[in-house]
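Structural characterization, general
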Amino acid sequence: MALEHALLVSLSEHSGSGYELARRFDKSIGFFWSASHQQIYRVLKRMDEAGWVDGETVGQDGRPDKRVYRVSDAGRAELRRWIAEPTEAGHLRDELAVKIRAASFGDINDVRAEVGRHRDDHARRLEVYRLIEKRDFPVPDRLSGTELHQYLVLRGGIRVEEGFTAWCQEVLDALHADPTTPARVRSERPPT
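Parameters at a glance
- The residue count restarts for each chain, going from 1 along the sequence in the order it is written.
- Under the rules for a predicted model, residues below a pLDDT of 70 receive no local features and side-chain atom pairs below 80 are neither given nor counted, while totals for whole chains, interfaces and linings still include all residues.
- Only hydrogens and water are set aside when side-chain values are computed; all heavy atoms of the structure are taken into account.
- Only DSSP runs of H or I with at least four residues qualify as helices, and only runs of E with at least two residues qualify as strands; both kinds are numbered from the N terminus onward.
- Buried, partly exposed and exposed residues are distinguished by accessible area as a fraction of the type maximum, computed with a 1.4 Å probe on protein chains only: under 20%, between the cut-offs, and over 50%, respectively.
- Only heavy atoms enter the contact rule, under which two residues are in contact if any of them lie within 4.5 Å.
- Each accessible area is a Shrake-Rupley result for a 1.4 Å probe, and residues are judged covered by the shown protein chains and nothing else.
- Between the N-to-C directions of two axes lies an angle of 0 to 180 degrees, each axis being a line fitted to C-alpha atoms and, for a helix, fitted only over the stretch in contact.
- For this classification, under 35 degrees means roughly parallel, over 145 means roughly antiparallel, 65 to 115 means roughly perpendicular, and everything else is oblique.
- Handedness of a crossing follows from how the near helix is turned relative to the far one, being left-handed for an anticlockwise turn of less than a right angle and right-handed for a clockwise one.

**Structural notes on the overall build of the chain**
Scanning the chain from terminus to terminus reveals eight helices and three strands. Its helices and strands in sequence order give the chain the pattern α-β-α-α-β-β-α-α-α-α-α, from N to C terminus. Evaluated residue by residue, the chain yields a buried proportion of 31% over its 192 residues. When contacts within the chain are restricted to residue pairs at least 6 apart in sequence, long-range pairs at least 24 apart make up 53% of them. Carbon and sulfur atoms make up 52% of the accessible area of the chain, which amounts to about 12600 Å² in all.

**What about the environment of E127?**
Structurally, E127 can be placed in helix α6 (residues 108-136). Spatially, the C-alpha atoms of E127 and I158 are 8.7 Å apart, while their sequence positions differ by 31 residues.

**Thoughts on the packing of helix α1 (residues 3-13) against helix α4 (residues 73-84)**
Contact pair α1 / α4: the axes reach a minimum separation of 10 Å and the direction vectors enclose 120°. Taken as axis vectors, α1 and α4 run oblique relative to one another. Read as a crossing pair, α1 and α4 show a hand that is left-handed. Along its contact with α1, which presents H5, L8, V9 and S12, the element α4 presents G75, E78, L79, R81 and W82.

Given below as structure tokens:
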């Protein structure tokens, strides 16, 4: 997926300036597709030149004017084309998985520390997603349209984070129980 498509989705939900889009990425879309503020501004310019968005300069009291973007007809056509395009199935393609596979060739304590760090990061992200779910979607069975679609993506994120958190804990438990792991490492209690 190109950043252009993530921006088209965001702008289809709400028009906005580059700054507002960057904030949306920081708070929601960025959980699933990351982009720096500079990337967003560069891509918006390309999208404007391609005719996928229409920009309007809006004056602001006491601040510089801002450019607010909306999806154009050509942008909606591109978004429809992209939505219909087959998506490659996801795969576990992760540097952590390769490090775990290579654990026998390095210091097992380093691998355990890295797996524990990832487990904690995923657990924190899971907690954020659950808070968003509770705050923004308290009655999910009444959702429809854009809100339902946003909720379904959030649920996917929750499932991914639950899975990664559990998998990291499974790895830590297995490394702790592995008889080939040095005794000093097995005697340490695995983090929970």
